[in-house]
Amino acid sequence: MSKVGIFGAGWVGLVTGACFAELGHDVVIRDVVPEKIEGLRRGSVPFHEQDIPALLERNASRLTYTLDVNDVAGCQFLFVCVDTPPTYSGDADLSRVWTVIDELPELDGTPILVMKSTVPVGTGEKVRAGLDQRGLDHVGYASNPEFLAEGRAVQDFMNPDRIVVGAFDPDDADAVAGLYSAIDAPFVRSDVNSAEMIKLAANAFLMTRISFINEIANVCEATGADVVKVAEGIGLDKRLGPHFLRAGIGYGGSCFPKDSLALKQLASNSGYHFQLLSAVIEVNELQKRRVIGKLKRHLGPLRGKTVALLGLAFKANTDDMREAPSIVLASRLLAEGAEVRAWDPVADGSKLPKGVDVVGSVADAVRGADAAVIVTEWDELKGLATEEIRASMANPLIVDGRNLLDPEETRRAGFAYDGIGRPTSPGDVLPQAPEPQRVQEV
Ligand SMILES: NC(=O)c1ccc[n+]([C@@H]2O[C@H](COP(=O)([O-])OP(=O)(O)OC[C@H]3O[C@@H](n4cnc5c(N)ncnc54)[C@H](O)[C@@H]3O)[C@@H](O)[C@H]2O)c1
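The rules behind these values
Residues numbered from 1 in each chain as written. Predicted model: local features only at pLDDT ≥ 70, side-chain atom pairs only at ≥ 80, totals over all residues. Helix = DSSP H or I, 4+ residues; strand = E, 2+ residues; numbered from the N terminus. Rg over C-alpha atoms; globule rule 2.2 N^0.38 Å. Buried ≥ 20, exposed ≤ 12 C-beta atoms within 10 Å, placed from the backbone. Pairing = 2+ DSSP bridges. Axes fitted to C-alpha atoms, helices over the stretch in contact; angles between N-to-C directions. Contact = placed C-beta atoms within 7 Å. Expected span 1.5 Å × (residues − 1). Near = placed C-beta within 6 Å. Nonpolar A, V, L, I, M, F, W, Y, C, P; charged D, E, K, R; others polar. Domains from an automatic or database assignment. Parallel < 35°, antiparallel > 145°, perpendicular 65-115°, else oblique. Left-handed = near helix turned anticlockwise from the far one by under 90°. Arc of directions from axis to C-beta.

Asker: Got a minute to help me understand the overall build of the chain in this structure?
Answerer: Along the backbone of the chain there are 15 helices and 14 strands. Here the chain has a C-alpha radius of gyration of 24 Å; the compact-globule value for 442 residues is 22 Å, and the two agree. In terms of its C-alpha atoms, the chain occupies a principal-axis envelope of roughly 75 × 45 × 45 Å. Across the 442 residues in the chain, those meeting the buried criterion constitute 46%.

Take a look at the structure:
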């Protein structure tokens with residue numbers, strides 16, 4: 001078994017550390033945020049991810065948390081799992097990666113630095129040169145991108161579709177592969193540049209599927225087809241498969257938006273205009289805003305109307321609100337003059353713009369509301385269309401941004417229902433309420 005150091009106690013770092021500990025390795029996790037490290041030492045996980053608390057507890061004897069970079073000195077592997085957020089220009093911000101390289105302590109033996117953070121193609125070559133410049137030419141380098149999805153991160157790590165390792169030296173690739181020997185998955189070995197590109201291209205392809213089905217949904221709305229049926233019919237084609245064909249209000253999260261920008265920018269910096277990816281990004285931006293058009297179609301001007309946003313996390317089973325569509329929706333609704341209430345079972349509503357009333361239950365969110373918008377596909381919302389909820393709303397309208405509910409059942413329960421890419425029925429468009437009286441401002 002090996003000794004593994006991890007830089008970053010975020011989603012990727014903590015999941016990687018916990019899973020390697022589960023596989024029997026000794027793991028040291030280093031972060032720079034004292035509250036995170038102190039919390040982890042006390043057994044408190046800094047984010048919501050099922051399976052992680054139990055995994056950390058079960059493997060506590062093989063896990064150490066530290067702020068001190070010297071504690072990773074004896075590790076054979078040093079995994080870089082720090083965040084690589086977008087800069088103003090859309091390029092990935094690699095400053096945290098460089099801080100890790102700059103702060104590396106004296107390292108004995110022949111440890112390997114393994115890049116798990118998502119980085120632009122060419123980063124490995126620059127890091128290799130940086131290590132050499134620091135006199136760390138005895139330190140190996142490998143790119144080992146991570147493909148886990150939040151909400152099912154442990155499952156994804158332990159049962160990956162593939163493990164990708166790109167290295168300059170085949171021995172380093174072998175050593176990294178050895179860490180995963182207990183995991184049964186196809187192994188893709190490549191050069192470092194290709195490993196970096198595999199991660200960016202995989203994400204770009206997934207986003208392309210999402211924007212594609214969202215555009216099909218928009219055409220379905222204009223023509224009377226039902227995108228849920230269409231996706232089922234498409235997905236059964238073995239050449240296409242069923243994944244990522246769920247129409248909705250667009251992708252968000254800490255990866256897709258930033259990785260698409262980073263790839264677009266990477267191409268553009270190299271003199272290539274990535275037209276398809278530009279369209280994918282634009283479609284996604286417009287998709288988040290389509291809910292506003294739907295609400296206006298049902299309610300008329302939104303000034304003075306109360307809208308409940310149900311679900312704030314960018315997807316279910318996580319509390320991650322980075323680039324969540326809920327933030328864009330809340331801002332647009334406030335700009336239209338609507339009163340906005342918001343609820344989520346785990347996400348922190350204080351990340352929404354000021355002026356949103358964050359409440360503790362679905363019932364509080366929809367009471368007296370003119371519309372309820374399903375923003376995140378939480379299981380808790382599957383039973384939304386009840387008599388009690390209908391009676392408590394000023395207008396029983398549900399805009400289902402995730403196609404979570406059955407349209408017919410919802411309508412039978414007395415609601416007007418508007419999903420994404422689903423046919424509307426004539427009864428769905430409510431008579432427009434009169435404009436609220438303008439209050440004289442002094
Ligand atoms: N979250 C995902 O679903 C996911 C999936 C695949 C890949 N990735 C990629 O993995 C990387 C990490 O993502 P994340 O979601 O875990 O980020 P995160 O923001 O949740 O965690 C990053 C952690 O790194 C810490 N950190 C910053 N500088 C440090 C330093 N010098 N030393 C030690 N720790 C440091 C931060 O304090 C933070 O705790 C990103 O490049 C991301 O694109 C993320």
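Asker: Teacher, can you tell me more about the sheet that holds strand β2 (residues 26-30) here?
Answerer: Two strands in a sheet stick together by hydrogen bonds in their backbones, pointing the same way (parallel) or opposite ways (antiparallel). Spatially, the eight strands line up as an open sheet ordered β3-β2-β1-β4-β5-β6-β7-β8, and their pairing is mixed. Of all the strands in the sheet, the pair left with one neighbour each is β3 (63-66) and β8 (187-190). Geometrically, the sheet is characterised by an average inter-axis angle of 25° between neighbouring strands, direction not taken into account. Pairing between strand β6 (residues 140-143) and strand β7 (residues 163-167): two bridges, direction antiparallel. Across the sheet, residue A142 finds its bridge partner in β7, namely A167.

Asker: Sorry, what's going on with the environment of A73 here?
Answerer: One can find A73 in the loop between β3 and β4 (77-80). Residues contacting A73, with those up to four places away along its chain left out, are P105, E106 and L107.

Asker: I keep staring at helix α1 (residues 11-22) and nothing clicks. Help me out?
Answerer: One full turn of an α-helix is made of 3.6 residues, so residues set three or four places apart face in the same direction. The first and last C-alpha atoms of α1 sit 16 Å apart over twelve residues, in line with the 16 Å expected at 1.5 Å per residue. Buried residues dominate α1, accounting for twelve of its twelve residues. Turning to α1, its buried residues are W11, V12, G13, L14, V15, T16, G17, A18, C19, F20, A21 and E22.

Asker: It is not clear to me how the site of the ligand should be interpreted in this structure. Could you clarify?
Answerer: Around the ligand there are 26 residues in total, and G8, G10, V12, D83 and S117 lie nearest to it. Where the shell around the ligand is concerned, the elements lending two or more residues are α1 and α4 (95-103). Within the shell around the ligand, the residues separate by chemical class into eleven nonpolar, eight polar and seven charged.

Asker: Just checking my understanding: could you explain the sheet that holds strand β13 (residues 397-400) for this structure?
Answerer: As summarised here, the arrangement of the six strands in space is β11-β10-β9-β12-β13-β14, forming an open sheet in which the pairing is parallel. The open sheet has two edge strands, β11 (357-358) and β14 (416-418), and neither has a second partner. Of the strand pairs in this sheet, strand β10 (residues 339-343) and β11 are connected by two bridges, and their pairing is parallel. Residue R341 lies in a different strand from β11, and its bridge partner there is D357.

Asker: Explain the domain arrangement of the chain to me, please; I cannot follow it from the model alone.
Answerer: Often, the extent of an interface is quoted as the loss of accessible area on bringing the components together. What the domain assignment lists for the chain is domain 1 (3-190) and domain 2 (225-442). Using C-alpha coordinates to define each centre, domain 1 is positioned 35 Å away from domain 2. Contacts between the two partners involve 15 residues from domain 1, matched on the other side by 15 residues from domain 2. Its residues assigned to classes, the side of domain 1 that touches domain 2 comprises six nonpolar, six polar and three charged.

Asker: Quick question: what am I supposed to make of the packing of helix α10 (residues 256-269) against helix α11 (residues 275-299) here?
Answerer: Axes are the key here: two packed helices are described by the angle between their axes and the distance separating the axes. Between α10 and α11, whose axes approach to 10 Å, the crossing angle comes to 150°. Relative to α11, the element α10 is oriented roughly antiparallel. Taken as a pair, α10 and α11 cross one another with a handedness that is left-handed. Seen from α10, the contacting residues are S260, L263 and K264; seen from α11, they are L277, S278, V280 and I281. For the contact of α10 with α11, the per-class residue count stands at four nonpolar, two polar and one charged.

Asker: Even after reading the chapter, I still don't get helix α5 (residues 123-133), so can you show me in this structure?
Answerer: Of the positions making up α5, those classed as buried are T123, G124 and V127. Across the axial projection of α5, the buried residues extend over an arc of 90°, all falling on one side. Facing away from the buried surface of α5 by more than 90 degrees, the exposed residues are A129, D132 and Q133. Check the buried side of α5 and you find it contacts α4, β5 (112-115), β6 and α8 (192-223). Looking one or two residues beyond α5, the residue adopting positive phi is G135, at roughly 75°.

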